[in-house]
Amino acid sequence: MIFVICNPAAGNGRGEKIGRQIEEALKHKGLPYQFQWTRRPDHATELAESARENGADTVLAIGGDGTAFEVARGLFNSNTALGIIPAGTGNDFVKTIGVPQDPLAALEHTLSHPPQKTDIGLFNDRTFLNEIGAGFDVMVLDYALKAKRYCRGLLPYLYGVLQTLFRFRAIPLTYTTEDGQTVTKDVFVIAVANGGVIGGGIVIAPDAKADDGLLDVVIVDNVKKWRLPARLIGLMQGKILSFPESHFARVRSISFSSPNMRLDADGEIISVDSVQARILPGALLIHR
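Described in the following lines is the structure provided in the data block.

Basis of the calculations
Residues numbered from 1 in each chain as written. Predicted model: local features only at pLDDT ≥ 70, side-chain atom pairs only at ≥ 80, totals over all residues. Heavy atoms only, no water. Salt bridge = Lys/Arg side-chain N within 4 Å of Asp/Glu carboxyl O. Helix = DSSP H or I, 4+ residues; strand = E, 2+ residues; numbered from the N terminus. Buried < 20%, exposed > 50% of the residue type's maximum accessible area, 1.4 Å probe, protein only. Phe/Tyr/Trp six-rings, centres within 6.5 Å; stacked < 30°, edge-to-face > 60°. Lys NZ or Arg CZ within 6 Å of the ring centre and 35° of its normal. 1 Å grid on protein atoms, 1.4 Å probe; cavity = no way out; pocket = protein on both sides within 12 Å on 5 of 7 lines; lining within 4 Å. Points joined across faces, edges and corners; volume = space filled by probe spheres on them. Nonpolar A, V, L, I, M, F, W, Y, C, P; charged D, E, K, R; others polar. Pairing = 2+ DSSP bridges.

## A word on the pattern of salt bridges
Link 1 in the chain: On inspection of all chains with the given rule, the structure shows 14 salt bridges.
Link 2 in the chain: We note a salt bridge from Glu268 to Arg126, for which the minimum N-O separation is 2.5 Å. Here Arg126 lies in strand β6 (residues 126-128) and Glu268 lies in strand β15 (residues 268-287), a separation of 142 residues in the sequence.
Link 3 in the chain: Look at Glu268 and you get partly exposed, because its relative accessible area is 38%.
Link 4 in the chain: One salt bridge connects Asp211 with Arg288, and the closest N-O pair in it is separated by 3.2 Å. Separated by 77 residues along the polypeptide, Asp211 in the loop between β11 (202-203) and β12 (215-221) and Arg288 in the segment after β15 bring together distant segments of the chain.

Structural data, given as structure tokens:
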């Protein structure tokens with residue numbers, strides 16, 4: 001049985017329209033399903049847990065990245081698979097796993113592709129599906145969230161980048177690698193990625209794979225002000241790993257800290273002082 005969870009507020013209201021399209025398509029195909037709208041934050045996780053406990057084979061998450069991540073939290077370490085129907089502003093994780101952006105095409109893709117084991121991340125006992133990070137991208141997200149009321153896709157994030165360009169200050173970061181080496185320095189950004197794309201299409205970890213059992217860690221040292229425009233252009237072009245300030249590693253775990261750190265966790269900003277992150281290989285089934 002298919003259980004459908006739809007966030008009607010996703011994509012400035014696109015979620016409701018797309019939800020009705022998907023429901024009509026399921027009816028037309030004669031497939032057994034149940035359909036639920038989300039009503040509040042974390043409701044999708046509660047619904048996914050209920051669907052899993054009641055024996056659903058697949059849970060379709062209709063909404064943006066946040067909806068998909070909430071559903072994933074309710075399904076990992078189970079035999080119930082996640083299917084993602086993009087209906088948000090960014091729709092970033094599907095770019096890594098190859099699900100089409102068009103909702104009806106995404107439905108056909110889900111129905112025709114058997115679920116595959118996919119990695120999920122864990123930080124401070126909380127799961128993440130796509131990426132956690134601190135630094136420049138958090139301030140960009142702050143501005144982008146405000147702009148999402150007026151536009152969608154990459155535009156809110158471009159607005160956020162331009163606003164942050166004039167206001168950002170490097171953050172002091174201490175991180176410890178798997179071999180026990182501890183480094184302290186000012187950084188432009190740290191990204192711990194399971195998926196490769198953030199911010200509506202910004203490639204933060206170009207070679208990330210969601211089924212390799214590893215996290216892609218990208219750390220960019222503090223960038224001089226006069227170099228920022230060139231670095232931002234390179235970031236938009238997916239060339240972050242070519243920056244002379246960039247450092248890259250694939251790891252099973254990493255810890256990092258910064259005083260009063262604001263962390264972007266799958267598009268949600270939270271306040272933490274330290275992070276212990278690790279990968280849970282193959283802990284989630286996804287149609288991809």
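Right, picking up where we left off after that structure.
## Brief notes about the packing of aromatic side chains
Two numbers describe a pair of aromatic rings. These are the distance of the centres and the angle of the planes.
Link 1 in the chain: Counted under the stated rule, the structure contains four aromatic pairs.
Link 2 in the chain: One residue, Arg231, lies across the ring of Phe243, its end atom 5.4 Å from the ring centre.

## Observations concerning the layout of surface pockets
Link 1 in the chain: Within this model, the largest pocket holds a volume of roughly 1,100 Å³.
Link 2 in the chain: Taken together, 48 residues form the lining of the largest pocket, with Gly66, Leu145, Lys148, Asp266 and Gly267 sitting closest to its centre.
Link 3 in the chain: Elements with a minimum of two residues in the lining of the largest pocket: α1 (10-29), α3 (65-75), α6 (136-147), α7 (155-165), β9 (182-193) and β10 (197-198).
Link 4 in the chain: In terms of residue count, α3 provides more of the lining of the largest pocket than any other element does, six residues in total.
Link 5 in the chain: Residue classes in the lining of the largest pocket are distributed as 20 nonpolar, 14 polar and 14 charged.
Link 6 in the chain: Taken as a whole, the second largest pocket holds about 210 Å³ of empty space.
Link 7 in the chain: Every element with two or more residues in the lining of the second largest pocket is listed here: α6, β8 (171-176) and β14 (253-265).
Link 8 in the chain: Of the residues forming the lining of the second largest pocket, the biggest block, five residues, is contributed by β14.

## Focus: the pairing of β9
Link 1 in the chain: Inspection of the sheet shows strand β7 (residues 131-135) paired to β9 by five bridges, in the antiparallel sense. In the sheet register, Ala134 faces β9, and the bridge partner there is Ile190.
Link 2 in the chain: The pairing of β8 with β9 spans six bridges and is classified as antiparallel. Of the residues in β9, the one forming a bridge with Thr174 is Thr184.
Link 3 in the chain: What sits between β8 and β9 in their antiparallel hairpin is a turn of five residues, with Gly180 showing a positive phi close to 90°.

## Brief notes about unusual backbone geometry
Link 1 in the chain: At Asp42, a residue that is not glycine, the phi angle is positive and equals roughly 70°.
Link 2 in the chain: Relative to the helices and strands, Asp42 is located in the loop between β2 (33-37) and α2 (43-53).
Link 3 in the chain: Notably, Asn124 is not glycine yet its phi reads approximately 45°, a positive angle.
Link 4 in the chain: Residue position: Asn124 is located in the loop between β5 (115-123) and β6.
Link 5 in the chain: Since its relative accessible area comes to 35%, Asn124 is described here as partly exposed.

Everything listed here is a matter of geometry and, on its own, says nothing about what the molecule does.
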